[in-house]
Amino acid sequence: MKRSGISKTNWGNGVSDLHVRNVTQRFSSALGEVHAVDDVSFSVAQGKFVGLVGPSGCGKSSLLLMMAGLLTPTEGKILLGNEEIVAPRPQEIGVVFQESSLLPWKTALENVEFPLKLRGVPQAERQARAIGMLELVGLKDFVHRFPHELSGGMKQRVSIARGFCQDSDLLLMDEPFAALDEQTRMTLGDELLAIWEKHKKTAVFVTHSLTEAVYLCDEVIIMGVRPGRILKRLEIDLPRPRTYTMMATERFGQLRNEIWELIRMGH
Ligand SMILES: Nc1ncnc2c1ncn2[C@@H]1O[C@H](COP(=O)(O)OP(=O)(O)O)[C@@H](O)[C@H]1O
Ligand SMILES: [Mg+2]
């Protein structure tokens, strides 16, 4: 399989540490107020891969939207390095959401290229990178197709290619593999790890799959039922690189069970 040809590195200087500080989110609507996230604080050191798990409706997506600068916290703030995130920053913050969010008037290739274009990456380089990434997600023969010509899973893979290609300091992923079949999911999980291990950017990954959380992450943050609060931060002390055989180990099972117990008890 092809790997991406990304070369930019800025490791170890903490410029993309992520800080979530006392963040609360309340939504008001005609039906009343929803207290979605309650006073959540945590930091993710640059280069770490952190998972966010918890029951449906506990505020995971809201937190990610706030980290992406797409939703303003009701209280508290979020910083990337020393700078507060107050608006989308496509140069530094890449996003892959559960629902693919492609521009319908652009082809798969143009969609993947777009954030690189915004950053002024020369055309030949950004095309090569985008095509490489589309090959990686199994869409070699679909690079010139428009979103309406692609299936739901294919559109999602274009979004993933776009996110992976971006080489952003912070990559936010909200259940990116949820709509994909098990085999594609495992393959893309491995590719994600390969890309991340090469560039060591900061990653925040929301998932419903506890196996996926343990397999991918350095640390899993477990959230409880609404209003979303952190129940526990669990370090995943499995060596890297991660391998399939680790899934059958006792330690892997213990970690997954510990997360499940916390979610099941909900407090
Ligand atoms: N824009 C919104 N307006 C009103 N309520 C919302 C909005 N977005 C999310 N919510 C509510 O906030 C809570 C948390 O939602 P969400 O962050 O999507 O949770 P999760 O991703 O963990 O399933 C839910 O009760 C949801 O209905
Ligand atoms: Mg969600």
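Residues numbered from 1 in each chain as written. Chains lettered and ligands numbered in written order. Predicted model: local features only at pLDDT ≥ 70, side-chain atom pairs only at ≥ 80, totals over all residues. Heavy atoms only, no water.

A. Representation of the overall build of the protein. Looking only at helices and strands, one finds seven helices and ten strands in the protein. Dimensions of the protein, computed from the C-alpha atoms along their principal axes, are close to 50 × 45 × 40 Å. A burial count over the protein gives 52% of its 267 residues as buried. For the protein, the share of sequence-separated contacts (at least 6 apart) that also reach a separation of at least 24 residues comes to 70%. If you sum the accessible surface of the protein, you get close to 12200 Å²; carbon and sulfur atoms cover 52% of it. Each charge class in the protein was averaged separately, 32 positive and 32 negative side chains, and the resulting centres sit 2 Å apart. (Helix = DSSP H or I, 4+ residues; strand = E, 2+ residues; numbered from the N terminus. Buried < 20%, exposed > 50% of the residue type's maximum accessible area, 1.4 Å probe, protein only. Contact = heavy atoms within 4.5 Å. Areas by Shrake-Rupley, 256 points an atom, 1.4 Å probe, with all protein chains shown as cover. Lys, Arg positive; Asp, Glu negative; His and termini not counted. Charge placed at Lys NZ, Arg CZ, Asp CG, Glu CD.)

B. Molecular detail of the site of ligand 1. Lining the immediate surroundings of ligand 1 are Phe27, Val34, Ala36, Pro55, Ser56, Gly57, Cys58, Gly59, Lys60, Ser61, Ser62 and Arg226. Contacts to ligand 1 include Cys58, whose backbone N or O atom sits 3.2 Å from an oxygen atom. Within the contact set of ligand 1, an oxygen atom lies 2.8 Å away from a side-chain nitrogen or oxygen of Lys60. (Near = heavy atom within 4 Å. Polar contact = N/O pair within 3.5 Å; in protein donor to acceptor, adjacent residues only side chain to side chain.)

C. Inspection of helix α7 (residues 250-265) at higher detail. For α7, with 16 residues, the first-to-last C-alpha span of 22 Å sits near the 22 Å given by 1.5 Å per residue. By the burial criterion, the buried members of α7 are Phe252, Gly253, Leu255, Ile259, Leu262 and Ile263. Contact partners of the buried residues in α7: β3 (49-53), α6 (210-216), β9 (219-223) and β10 (230-235). One or two positions beyond α7, positive phi appears at Gly266, with a value near 75°. (Expected span 1.5 Å × (residues − 1).)

D. Layout of empty space enclosed by the protein. A complete count under the given rule lists one cavity of 30 Å³ or more for this structure. Taken together, 13 residues make up the lining of the largest cavity; nearest its centre are Phe164, Leu171, Ile195, Trp196 and Lys201. Looking at the lining of the largest cavity, the elements that each hand over two or more residues are α4 (152-165), α5 (182-199) and β8 (202-206). Considering each element in turn, the lining of the largest cavity owes the most residues, four residues, to α5. For the lining of the largest cavity, the class distribution of residues is seven nonpolar, four polar and two charged. (1 Å grid on protein atoms, 1.4 Å probe; cavity = no way out; pocket = protein on both sides within 12 Å on 5 of 7 lines; lining within 4 Å. Points joined across faces, edges and corners; volume = space filled by probe spheres on them. Nonpolar A, V, L, I, M, F, W, Y, C, P; charged D, E, K, R; others polar.)

E. Broad picture of the domain arrangement of the protein. As assigned here, the protein comprises domain 1 (13-92 + 172-267) and domain 2 (102-167). With centres defined by C-alpha atoms, the gap from domain 1 to domain 2 works out at 24 Å. Facing twelve residues of domain 1, the contacting portion of domain 2 comprises twelve residues. Taken together, the two surfaces of domain 1 and domain 2 that pack against each other cover about 1100 Å², and 68% of this comes from carbon and sulfur. At the junction of domain 1 with domain 2, the criterion picks out one salt bridge. Its salt-bridge partner being Lys201, residue Asp167 comes within 2.8 Å of it at the nearest N-O pair. Linking domain 1 to domain 2 there are four residue pairs in polar contact (both at pLDDT 80 or more). With five residues, α5 is the single largest residue contributor to the side of domain 1 that touches domain 2. A breakdown of the residues in the side of domain 1 that touches domain 2 according to their chemical character gives eight nonpolar, two polar and two charged. (Domains from an automatic or database assignment. Buried area = accessible area lost by both parts, 1.4 Å probe. Salt bridge = Lys/Arg side-chain N within 4 Å of Asp/Glu carboxyl O.)

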